[in-house]
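So you can see what is in the structure, the chains are spelled out below.
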Number of protein chains: 2
Amino acid sequence: MSASASHPIGIFDSGVGGLTVLRAVQKLLPSESLIYLGDTARVPYGDKSPETVTRYALEDARFLEAHNVKAIVVACNTATAHALETLRDVASVPVLGVVEPGVKAAVAQTKSKKIAVLGTRGTIRSETYQRAILARLPDAKVLALECPLFVPLVEERFQEHPAARLIAQSYIQPILEAQCDTVILGCTHYPILQPLLNDLLGPYIHIVDAAAACAQALKRLLNDSHLLCQSLEAPAPSYYVTDAPEHFQRLASGILSSDMHGVQQVSLLEAALT
Amino acid sequence: MSASASHPIGIFDSGVGGLTVLRAVQKLLPSESLIYLGDTARVPYGDKSPETVTRYALEDARFLEAHNVKAIVVACNTATAHALETLRDVASVPVLGVVEPGVKAAVAQTKSKKIAVLGTRGTIRSETYQRAILARLPDAKVLALECPLFVPLVEERFQEHPAARLIAQSYIQPILEAQCDTVILGCTHYPILQPLLNDLLGPYIHIVDAAAACAQALKRLLNDSHLLCQSLEAPAPSYYVTDAPEHFQRLASGILSSDMHGVQQVSLLEAALT
């Protein structure tokens, strides 16, 4: 089945983090129907191996394709880092990751050419960001920092607890020492920590809004493919998760600042076996 | 195939936490062969639903049974809380959890009958500990506290970071207020935090060593079933994980204080389909 402008956009993440991307897409493209999948039965992806994350990402994409999406947004940096190329090889619709848009925005922003990337262990060790930045700006200095405790802190709503400040201080100290002027939040959970990070990094270090950059890239992609939806009003997004919805719903309401209803639990095995 | 004394003991957990139980079993039963399975492709279990955790636990047990174990130790409190009864229904060998032994030791220890339990969200919300304590000591006062950030702090080796102290202070404050005299560490990761917790709780609050209690219960179980191994020397344990071994190996060496070799990655699907 070929994609049509009236079809929804599919967005997936390991859990709730990708909702920061969904929020940015809703803001920029309010006419679009959205389907969100959070693979909460296997969250988090950040520490898992490239092979395992790729297998999970393929199942996530297969599920969204079975729902006739016209494009897939990989709203998870770890899955983008490990699986984007594979997903593009097998998917029948365009697939957009979160790495390239953030890198493009960072390269446009930096003056010192010293760019820091914060991410999960998997994202940082994949060196996807490092390669993408150097491809666009060969004389850049890239500081890539693993921040594995940021996801649990966000998931536990500890972003304003003094412990979050101490952990963030430990993680970002090298950014201050290296005098970077631009920071990419290379994990879709991290925008929740942005007020704290802004405070610790000070006014002269710019934090790239990768979710907004991703939404912009999606708009260009749909426009170029003549797939932008022309309707005036979109229905509410559909939300699917692979574990019981309660925990997701509770976390999600903190990110979207609105109550979320009708989250459905699904099994990815069925989609994988079709 | 019926169990024989020369067969190994199977131990499973979602990740490395169960190694604290393996360590206790090795110490008490040095003649026994041990097989350890860490379901690292789906770690953690603590926040996932009872149904999902039960499905995973059944696959874990199936894998161990396929390796001819004579008994299964569920070295994960969340899996014990959600799945122990189901596992006992379907397994062909005795299945031992970590909840009952810890509760028994706590009930023997307490004088004030005010007992606190620290655990993951799943374990605490299952109310397994609360019910097990009240079954043995009906007039006990049980304070059950969710500590979801303890697992990531241990996994990231932050147990001596000042942030771990702040988070632990937040979590245990109700124990001091309620004047409990006994604390059960209801998650196999938490013994790694015991020096910090001892320091914060002070000398008058006793922390139960649930891993040691579990090893004692296992010894009784094997003895009663005439399944204690009589050999003089056991081979080194076999370790299996469901994701790439590197991260597990790195974390495990911190818990076992020795290098770990020959960790094998396996797929549970094969065992599940047999």
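Calculation notes
- Residues numbered from 1 in each chain as written.
- Chains lettered and ligands numbered in written order.
- Predicted model: local features only at pLDDT ≥ 70, side-chain atom pairs only at ≥ 80, totals over all residues.
- Heavy atoms only, no water.
- Least-squares fit on C-alpha atoms with pLDDT ≥ 70 in both.
- Contact = heavy atoms within 4.5 Å.
- Core = buried A, V, L, I, M, F, W, Y, C linked by side-chain atoms within 4.5 Å.
- Buried < 20%, exposed > 50% of the residue type's maximum accessible area, 1.4 Å probe, protein only.
- Domains from an automatic or database assignment.
- Buried area = accessible area lost by both parts, 1.4 Å probe.
- Salt bridge = Lys/Arg side-chain N within 4 Å of Asp/Glu carboxyl O.
- Helix = DSSP H or I, 4+ residues; strand = E, 2+ residues; numbered from the N terminus.
- Phe/Tyr/Trp six-rings, centres within 6.5 Å; stacked < 30°, edge-to-face > 60°.
- Lys NZ or Arg CZ within 6 Å of the ring centre and 35° of its normal.
- Polar contact = N/O pair within 3.5 Å; in protein donor to acceptor, adjacent residues only side chain to side chain.

Give me the lowdown on the relation of the copies chain A and chain B, citing residues and values where you can.
With an RMSD of 0.0 Å, the operation that places chain A on chain B is a rotation of 180 degrees combined with a shift of 0.0 Å along the axis. Each copy turns onto its partner about a two-fold axis. Looking at the interface residues of chain A, 100% of them are also at the interface in chain B, so both copies use one shared face.

I'd like a rundown of the nonpolar core, residues and numbers included.
Counting 126 residues, the largest nonpolar core has L19, L118 and F150 of chain A together with L19, L118 and F150 of chain B as the members making the most contacts within it. Sequence-distant contacts of F150 of chain B, defined by excluding residues within four places in its chain, comprise L118, I167, A168, Y171, Y190, L193 and L197 of chain B.

Hey, could you go over the domain arrangement of chain A for me, with residue numbers and the actual values?
All names here are of chain A. Annotation of chain A at the domain level lists domain 1 (9-97 + 212-273) and domain 2 (99-210). The C-alpha-based centres of domain 1 and domain 2 are spaced at 22 Å. On the domain 2 side, the residues contacting the 27 residues of domain 1 number 22 residues. Note on domain 1 versus domain 2: buried area summed over both sides is about 1900 Å², and carbon and sulfur give 54% of it. Here domain 1 and domain 2 share one salt bridge between them. The partner of R121 in a salt bridge is D47, with the nearest N and O atoms 2.9 Å apart. Those elements that provide at least two residues to the side of domain 1 that touches domain 2 are α1 (19-28), α3 (77-90), α10 (210-224) and α11 (245-256). It is α11 that contributes the most residues to the side of domain 1 that touches domain 2, six residues altogether.

Hey, could you go over the packing of aromatic side chains for me, with residue numbers and the actual values?
Within this structure, the stated rule accounts for 14 aromatic pairs over all chains. A connected cluster of aromatic rings, assembled from ring pairs, spans F150, Y171 and Y190 of chain A together with F158 of chain B. Geometry around Y56 of chain A places R42 of chain A over its ring, the cationic atom sitting 3.8 Å from the centre.

How would you explain the pattern of salt bridges if you had to name every residue and give the values?
Scanning all chains against the criterion turns up 20 salt bridges over all chains. Between R165 of chain A and D199 of chain A there is a salt bridge whose closest N-O contact spans 2.6 Å. Of this pair, R165 of chain A sits in helix α8 (residues 162-178) while D199 of chain A is found in helix α9 (residues 194-201), placing the two residues 34 residues apart along the sequence. As a salt-bridge pair, R42 of chain B and E59 of chain B come within 2.9 Å of each other at their nearest N and O atoms. Of the two residues, R42 of chain B sits in the loop between β2 (34-38) and α2 (50-66) while E59 of chain B sits in helix α2, which places them 17 residues apart along the sequence. Residue R42 of chain B is classed as buried on the basis of its relative accessible area, which comes to 10%. Connected through shared salt-bridge partners, D47, R121, R125 and E146 of chain A together with E156 of chain B make up one network.

Let's hear about the interface of chain A and chain B: which residues, and what values?
Contacts between the two partners involve 30 residues from chain A and, on the opposite side, 30 residues from chain B. Around 2300 Å² of area is buried between chain A and chain B when both sides are counted, 58% of it from carbon and sulfur atoms. The largest per-residue losses of area from chain A upon contact with chain B belong to L149, E156 and D243 of chain A, which jointly make up 20% of the total buried on that side. Across the contact surface, chain A and chain B share two salt bridges. Between R121 of chain B and E156 of chain A there is a salt bridge, and its shortest N-O distance comes to 2.7 Å. For the pair chain A and chain B, the number of links is 13 residue pairs in polar contact (both at pLDDT 80 or more). Secondary structure elements with two or more residues in the side of chain A that touches chain B: α2 (50-66), α7 (150-155), α8 and α11 of chain A.

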